[in-house]
Amino acid sequence: MWRLALRTLKFRRTSFVATFLAMFLGAAIVIGCGGLMETGVRMAAEPQRLNGAPVVVTGEQTYDSTALTERHRIDPGLVGEFARVQGVRTAVGDVSVPATVLKDGKPVTGKSASYGHGWASARLTPYTLAAGKTPVAGGEVVLDADLARRAGARPGSDVDIVVQGTVRRFQVSGIAEQRGDRDPDAAVFFTDDEARTLAGGRIDSIGVLPAPGTRTAAVADAVRAEVGDRAEVLTGERRGLAELPGTLSSKRTVVILAAVFGSSVVLIVMFGVASTLGLSLQQRAREMALLRAVGSTPQQLRRMILTETAVLSVGSVLLALLPGYAIGRLLFGVLTASGVVSSAIVYHAGWIPMAVGAVVTVLAAAGATRFAGRRAARTEPVAALAESTAGTRWFSVPRLLLALFFLANGIGLAVATATVMEDGPTLASTAGPASVLFCIGLALLAPGITKVMVALLRLPVRAFSGLSGQLALRNAATANVRMAGAVAPIVLLIGIATGTLYMQSTEDHVSRTSYDRNILADYVLDSTTGGFAPGVVDRVRATPGVAAASEFVTSRGFVDRTGDPDQVDLRGVSADGVRQSLDLPVVAGSLTGLRGDTVALSDKKAREYGVKVGDRLPMHLGDGTAVRPTVVALYTDNPKQEYLTLPAATLAPHTGDGLPHQILVRSARGGGADVHERLAALAARVPGTELDDSSSLAGRNNQIQQILVSANYTIVAMIVGYAAITVVNTLVSVTRKRRPEFGLQRLTGATRAQVLGMLSVEGLLIGVVATVLGTVASATTIVPYSLVKSDSYLPSGSIGIYLAIVGGSLLLVFGATLLPSWRGMRSPAVETVKAA
C-alpha cells in the first residue's frame, strides 16, 4: 500500500496541491500564534542601559499575581545589604528621573524623553567618560555626547535642564560616550545624592557585580535568599525588564490575544484541513469502489489513505516551520509597532509552538482521513460503485452530534457575552470565538441546509435564469454534498470577517463617543518634559478668560476586596477645576473635597465595594503602594468610563514621572480666540508645553483603548486569508473534477456560454446560501457584543463593511469557478470526456 499510495499521488495533482496548501498554511499560522504565546509567557527583554550588571534587583512588579502599571521603587538600604552578600564584589543603586536638556528654552530631544541617573550607575551602562570629570558637587552633570552636541555644551559650560517640572541651571562637568551597539535613551548623569533626591529618596534598581571567579547563578541565588519577597532578582535576558516598568502589564494582553486567536486558528485550520482532505476523498469514491471490487480489503484501503495523508502532512509541516517563524515575527512586529509591547521585548519561538503546529496539522489530517475514508473502506464493492455515482449520502449520527456540540458552544458563548460578561478587555474573548464555533457547526450541517435553501430558491431561479438556471438547480439537487463542500468555507469566511470587523467598529464608536461626552474641557496643555510643576495650574487659572483648570493624571490600580482585587482605572484631578473639566454628575458628597487622602467613585462601584461617603476604601495604587482614602463623593455611573477619581497631587507621585502630564482647561463664555492666544503664550513660557483642543485628548484615549486594533486586524486578516485560500482550493478542485461533465454537456449540444451560465447560477446559489449562513453565524458575535457595548442589537459601522465582505466572497466564488472552467473548455470536448 505504501508503493500504491506514493505512485497514485502524481495522478491527482489538483487535489494533492489543494490538500497540501491547506496543511502547509494551517501549520504555519498555528506555529506563528504559538510563537506569540511563548513570547508572552516568557516576556523577556535584553538589557540596554544596565547591560553591565549580570544580576539586577528591582521592585516586585506584580500585586496579587497581576502586573503593576507603574514602577515599584525599592529601599536604597538594600544596596548595602547586597554588597555584603558572599560572592558580591559591589552593588550599585540606579534611578531614572525625567531630565530634559534645553537650548534656547526648547527641549533638544523634541518629544522623545531623556532621563537623569546617578553617576555611580554609569559603570553598569554603555557610557564611559570621554571628556572632563565626574560630577562631585551639587549642580554638576555629565551629558551624553549626543545631548551635549545638540545643546552646544562642553565641559565647564552651563546648561538648562528641566527636572521635576522646573528649569534649573547646571554646570557640565564632563561628556560621556556610548560604547558597543546598545541604544539606551539619552542620558544625563547627576551626583548620586542629587539623583536620589530627585527620585524621592528611593531607587529603581540595584546592579550586582559578582566577585572575580564567582558564578552569576550562585550570586543570584545568594541575593534571592537575602532579599526574600522585598524585591525581584533578574538575570539573563530578563534583566531588561528592570528598565521597562509596566511592561509586565502587557504580558496578560499578549497571552490573551495569542490564546483567543490561537484557539480560533486551531479550530479553523482543523476544519480547513479536514474539509479539503474530505473533499479529495469524496472525489475518489469511484477509485475506492474499484479497488474494493478487485479485492482490496477495508484495512488495506485505510492504510493506503493514511499513508497518503502521512506523506502530505509530514511534508507540509516540515516546510511550514520557517514560514511559521516568520509569521510569528510579523505578528510580534505589529504588536511592537502598535505599542502593545516594547520593542525591547525578545521574540521567542522554540520547539513548543513548532510541535503544536505539527500536532494540530497531523491530527486534523488523521481525523479527516478516519471519518472521510471510513465509508469507502467499509462499503461493499457493488454498493460502493453505486455510491460513487450518486454521492449524496452525508448524514451520520457522529456528524450530527459534532455539529450540535459546536452550535451549542457558539450559542453558549453568545449568551455568556450578553448576560454574564461585563464591559471590559475580556469581552472580545467570548464574543469572538462564538461565531467561529457556530460557523463550524453550520458547515457540518451544510449539505442538509443547502438542499433546503436550494428548494426555497427554485422558483425565483427558474423565473430569471432560464435553461442555465434549470441545469444549475438540477446539479444542486443531485450533488448537494458537493455544493455544501463549496459553501462551508465561504460561511467561515463571511462569518468570521463580519463578526470581527463589526465588533471592532462598535468598540471604536463607543470608546470615542463616550470619552467625548465625558470631557468638558475646551483645551489641554501637554508636557513633554516629564510633567508640570505644582504652580503651573495656578498660572493657567489666573489667565484671563479661563473659567477653570484641572491637572489630569491617568493610571491603573486595585481596589482590595474579598477574593481577587478589582483592577480599575484611576484619574487624578484638581478639586478646584474637576466639575468644569469632567462630566461627573454628583449624587452624594462633593468633588471639592478631593484633597489629600480622598477618593470619589461612581454610585455603582460604591455599591459593588460596599462603601458610602465617609468610608475608607482600601486600595493599592499603580506602583503597589497601599492606601485607604476617604470617600468624599459619589457620581452617576458611566459604564464606558468606569474609573476612580483621586487628587492629582496624591496620584501623580505614584506614576512613572511623578508629575501630572496634562492640564484640562475650560474657557469662560465668550473667551473665543483670545483665550487660545493667551494659553499659547503661557505654553511658550513653560518649556516643552504644547497646547491643543480637548479633542486631541479624546483621540489619544481612543488610541490607547484601540491599541490592539492593528494587531487584531492583522491576525483576522490571516484567518480570513486562510479561509479564502480554502475557498479557492475547494472550488478549483471541484471545478477541475467536473471537466468530463462539462465535456459531455458540450457533446450533447450545450455551448460554452450555456455551460458558463450554468456555473454562474451555481456560483450565485453558493454565494446566497453561504451569505445567509455566514450572516447568521456572525450575529452570535455582533448582537451580544453590541448589546453590552451600546445597548443595541445592531452594531456601529458602515454597511459598506458587510457589502465589501459579501462582494469579495462572491468574487472568490466566481473567479475560482469560471476561470478554471473556461480554461478547461479550451480543450476539445471529446478529449475531456476520454480523460474521465
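Placed above this text is the structure.
This write-up is about the structure you can find in this document.

What counts, and where the lines are drawn
- All residue numbers here refer to positions counted from 1 along the written sequence of the relevant chain.
- The predicted nature of this model means local features are confined to residues of pLDDT at least 70 and side-chain atom pairs, given and counted, to a pLDDT of 80 or more, with totals for whole chains, interfaces and linings taken over all residues.
- Computation of side-chain values covers all heavy atoms of the structure but excludes hydrogens and water.
- We count a stretch as a helix when DSSP gives it H or I for four or more residues in a row; a strand needs E for two or more, and each element gets its number in order from the N terminus.
- Residue burial is assigned from relative accessible area. The probe radius is 1.4 Å, only protein chains are included, and a residue is buried under 20% of its type maximum, exposed over 50%, and partly exposed in between.
- Using the Shrake-Rupley algorithm and a 1.4 Å probe, accessible areas are obtained, with residue cover drawn only from the displayed protein chains.
- Identification of polar contacts relies on pairs of N or O atoms within 3.5 Å, with a donor-acceptor requirement for protein atoms, meaning one able to donate a hydrogen and the other able to accept it, and with residues adjacent in sequence counted only if both atoms are side-chain atoms.
- It only takes one pair of heavy atoms within 4.5 Å for two residues to be counted as in contact.
- For the purposes of this section, nonpolar cores are sets of buried Ala, Val, Leu, Ile, Met, Phe, Trp, Tyr and Cys residues that join through side-chain atoms within 4.5 Å.
- Any two rings among Phe, Tyr and Trp, with Trp reduced to its six-membered ring, count as a pair given centres within 6.5 Å; such a pair is stacked if its planes are under 30 degrees apart, edge-to-face if over 60, and tilted if neither.
- In short, DSSP must find at least two bridges between two strands for them to pair.
- For helices, the axis comes from a line fit to the C-alpha atoms of the stretch in contact; other axes are also lines fit to C-alpha atoms, and the angle between any two N-to-C directions lies between 0 and 180 degrees.
- A helix is expected to span 1.5 Å for every residue after the first.
- The method works on a 1 Å grid over the protein atoms by themselves. A cavity is a set of points holding a 1.4 Å probe that cannot get out, a pocket is an open set with protein on both sides within 12 Å along at least five of seven lines, and residues with an atom within 4 Å of a point line them.
- Grid points are joined across faces, edges and corners, and a volume is the space filled by probe spheres set on the points.
- By definition here, a salt bridge exists when the distance from a side-chain nitrogen of Lys or Arg to a carboxyl oxygen of Asp or Glu is within 4 Å.
- Roughly parallel means an angle under 35 degrees; roughly antiparallel, over 145; roughly perpendicular, 65 to 115; everything else is oblique.
- In this count, Pro and Cys sit with the nonpolar residues alongside Ala, Val, Leu, Ile, Met, Phe, Trp and Tyr, while Asp, Glu, Lys and Arg are called charged and the others, Gly among them, polar.
- Directions from the helix axis toward the C-beta atoms define the arc.
- Residues with no salt bridge and a relative accessible area higher than 30% make up the patches, which join like charges within 9 Å and nonpolar side chains (Val, Leu, Ile, Met, Phe, Trp, Tyr) within 5 Å.

## Observations regarding the overall build of the protein chain
Part 1 of the reasoning: Within the protein chain, the secondary structure is distributed over 27 helices and 26 strands.
Part 2 of the reasoning: With 836 residues in all, the protein chain has 51% of them scored as buried.
Part 3 of the reasoning: For the protein chain, the accessible surface area stands at approximately 35,300 Å², while carbon and sulfur atoms represent 58% of it.

## Structural notes on the side chain of Glu-38
Part 1 of the reasoning: Examined against the element boundaries, Glu-38 turns out to sit in helix α2 (residues 13-42).
Part 2 of the reasoning: A distance of 2.8 Å separates a polar side-chain atom of Glu-38 from the backbone nitrogen of Gly-350.
Part 3 of the reasoning: In contact with Glu-38, not counting residues within four places along its chain, are His-348, Ala-349, Gly-350 and Pro-353.

## As for the environment of Ala-218
Part 1 of the reasoning: Looking at the element boundaries, Ala-218 is found in helix α6 (residues 216-227).
Part 2 of the reasoning: Placed 130 residues apart in sequence, Ala-218 and Val-88 show a C-alpha to C-alpha distance of 9.8 Å.

## Concerning the nonpolar core
Part 1 of the reasoning: Counting 99 residues, the largest nonpolar core has Val-273 and Val-487 as the members making the most contacts within it.
Part 2 of the reasoning: When residues in this core are grouped by element, the largest group, 11 residues, is from helix α16 (residues 480-518).
Part 3 of the reasoning: With residues near it in sequence (within four places) discarded, Val-273 still touches Ala-22, Met-23, Ala-364, Ala-365 and Tyr-722.
Part 4 of the reasoning: By size, the runner-up hydrophobic cluster in this structure holds 41 residues, among which are Val-55, Val-97, Ala-153 and Phe-170.

## Remarks on the packing of aromatic side chains
Part 1 of the reasoning: For the structure on display, the rule yields eight aromatic pairs.
Part 2 of the reasoning: Aromatic side chains Phe-20 and Phe-24 sit 6.0 Å apart centroid to centroid with 10° between the ring planes, which places their arrangement in the stacked category. Within this pair, Phe-20 and its partner Phe-24 are both found in helix α2, separated by four residues, close to a single helical turn.
Part 3 of the reasoning: Here Trp-119 and Phe-189 contribute two aromatic rings whose centre-to-centre distance is 5.3 Å and whose plane-to-plane angle is 90°, an arrangement assigned as edge-to-face. Linking Trp-119 in the loop between β8 (114-118) and β9 (127-132) with Phe-189 in strand β13 (residues 186-190), this pair joins segments that are 70 residues apart in sequence.
Part 4 of the reasoning: Judged by its relative accessible area of 18%, Trp-119 falls in the buried class.

## Some details on unusual backbone geometry
Part 1 of the reasoning: Here Met-43, not a glycine, exhibits a phi torsion of approximately 40°, which is positive.
Part 2 of the reasoning: Positioned with a positive phi, Asp-791 is a non-glycine residue whose angle comes to about 55°.
Part 3 of the reasoning: Its location among the elements puts Asp-791 in the loop between α25 (752-790) and α26 (799-824).
Part 4 of the reasoning: Taking relative accessible area as the criterion, Asp-791 reaches 70% and is therefore assigned exposed.

## With respect to the side chain of Ser-550
Part 1 of the reasoning: Looking at the secondary structure, you find Ser-550 in strand β17 (residues 546-559).
Part 2 of the reasoning: Assessed through its relative accessible area of 1%, Ser-550 is described here as buried.
Part 3 of the reasoning: At a separation of 3.0 Å, a polar atom in the side chain of Ser-550 contacts the main-chain amide nitrogen of Ser-574.
Part 4 of the reasoning: Apart from the residues lying within four places of it in its own chain, the contact partners of Ser-550 are Val-537, Val-573, Ser-574, Gly-577, Val-578, Ser-581, Gln-662, Ile-663 and Leu-664.

## Here's the deal with the pairing of β13
Part 1 of the reasoning: The buried fraction of β13 amounts to five of the five residues, a majority that puts the element mostly inside the structure.
Part 2 of the reasoning: Relative to β13, β8 runs parallel, the two sharing five bridges. Bridged to Gly-118 within β13 is Phe-190.
Part 3 of the reasoning: Bridging between strand β10 (residues 140-144) and β13 involves two bridges; their strand directions are antiparallel. In the strand pairing of β13, Leu-143 is matched with Val-188.

## Section: the pairing of strand β12 (residues 166-178)
Part 1 of the reasoning: Pairing between β9 and β12: five bridges, direction antiparallel. Of the residues in β12, the one forming a bridge with Thr-128 is Glu-177.
Part 2 of the reasoning: The pairing of β10 with β12 spans five bridges and is classified as parallel. Each bridged residue has a counterpart across the sheet, and for Glu-140 the counterpart in β12 is Gln-171.
Part 3 of the reasoning: As judged from the six bridges shared by strand β11 (residues 158-163) and β12, these two strands associate in the antiparallel manner. Bridge pairing links Ile-161 to Arg-168 in β12.
Part 4 of the reasoning: Counted between consecutive antiparallel strands, the loop separating β11 from β12 contains two residues, among which Gln-164 sits at a positive phi close to 55°.

## Some details on the sheet that holds strand β15 (residues 232-235)
Part 1 of the reasoning: The sheet built from four strands is open, its strands ordered β4-β14-β1-β15 with antiparallel pairing. One side of each edge strand has no neighbouring strand; the edge strands of this open sheet are β4 (88-94) and β15. Each strand of the sheet is rotated relative to its neighbour by a mean of 25°, with strand direction disregarded.
Part 2 of the reasoning: By the bridge criterion, six bridges tie β4 to strand β14 (residues 205-210) in an arrangement that is antiparallel.

## Here we look at helix α12 (residues 397-419)
Part 1 of the reasoning: Compared with an ideal rise of 1.5 Å per residue, which puts 23 residues at 33 Å, α12 spans 32 Å between its outermost C-alpha atoms and is within 8% of the ideal.
Part 2 of the reasoning: Every buried residue of α12 is accounted for by Ala-403, Phe-406, Leu-407, Gly-410, Ala-414 and Thr-417.

## Considerations on empty space enclosed by the protein
Part 1 of the reasoning: For the structure shown, the criterion picks out five cavities of 30 Å³ or more.
Part 2 of the reasoning: For the largest cavity, the calculated volume is near 150 Å³.
Part 3 of the reasoning: The wall of the largest cavity is formed by 16 residues, among which Arg-482, Val-734, Arg-738, Glu-762 and Ile-766 lie closest to the centre.
Part 4 of the reasoning: Secondary structure elements with two or more residues in the lining of the largest cavity: α15 (458-478), α16, α23 (709-737) and α25.
Part 5 of the reasoning: A total of four residues in the lining of the largest cavity trace back to one element, the largest contributor, which is α25.

## Some details on the pattern of salt bridges
Two side chains bearing opposite charge may form a pair once their charged atoms approach each other closely.
Part 1 of the reasoning: Summed over all chains, the structure comprises 25 salt bridges.
Part 2 of the reasoning: Glu-81 is the partner of Arg-230 in a salt bridge, and the nearest nitrogen-oxygen pair spans 3.0 Å. Separated by 149 residues along the polypeptide, Arg-230 in the loop between α6 and β15 and Glu-81 in helix α3 (residues 77-83) bring together distant segments of the chain.
Part 3 of the reasoning: Taking relative accessible area as the criterion, Arg-230 reaches 38% and is therefore assigned partly exposed.
Part 4 of the reasoning: Three or more residues joined by partner-sharing salt bridges are found here, namely Arg-561, Asp-566, Lys-605 and Glu-608.

## A few points about the environment of Trp-119
Part 1 of the reasoning: Separated by 16 residues in sequence, Trp-119 and Pro-135 place their C-alpha atoms 7.2 Å apart.
Part 2 of the reasoning: Not counting residues within four places of it along the chain, the set of residues in contact with Trp-119 comprises Leu-129, Thr-134, Pro-135, Val-142, Phe-189, Phe-190 and Asp-192.

## Considerations on the packing of α12 against α25
Axis angle and axis distance: for two packed helices, these are the angle between their axes and the distance between the axes, and together they describe the pair.
Part 1 of the reasoning: It is the contact of α12 with α25, at a shortest axis distance of 8 Å, that shows an interaxial angle of 10°. Between α12 and α25, the angle is such that the two are roughly parallel. Facing α12, whose interface residues are Ala-414, Thr-417 and Ala-418, α25 presents Thr-780, Pro-784, Tyr-785 and Val-788.
Part 2 of the reasoning: Among the residues making up the contact of α12 with α25, the classes are represented as five nonpolar, two polar and no charged.

## Describing the packing of α15 against α25
Part 1 of the reasoning: Look at α15 against α25: their axes get within 8 Å of each other, and the N-to-C directions meet at 90°. On the basis of their axis angle, the class for α15 and α25 is roughly perpendicular. Along the contact surface, α15 presents Val-461, Ser-465, Leu-467, Ser-468, Gly-469, Leu-471, Ala-472, Leu-473 and Asn-475, while α25 presents Gln-754, Gly-757, Met-758, Val-761, Glu-762 and Leu-765.
Part 2 of the reasoning: Residues belonging to the contact of α15 with α25 are distributed by class as follows: eight nonpolar, six polar and one charged.

## Topic: α6
Part 1 of the reasoning: The end-to-end C-alpha distance of α6 is 16 Å, a good match for the 16 Å that 12 residues give at a rise of 1.5 Å each.
Part 2 of the reasoning: Burial in α6 covers these residues: Val-219, Ala-220, Val-223 and Val-227. The arc that holds every buried residue of α6, seen down its axis, measures 100°, which confines them to one face.
Part 3 of the reasoning: Those residues of α6 that are buried lie in contact with β1 (55-58), α3, β4, β14 and β15.

## Thoughts on a nonpolar patch on the surface
Part 1 of the reasoning: A contiguous nonpolar patch, built from Phe-395, Val-397, Leu-401 and Leu-404 and spanning about 400 Å² of accessible area, is present on the exposed surface.
Part 2 of the reasoning: Its place among the elements puts Val-397 in helix α12.

In short, geometric facts, not functional conclusions.
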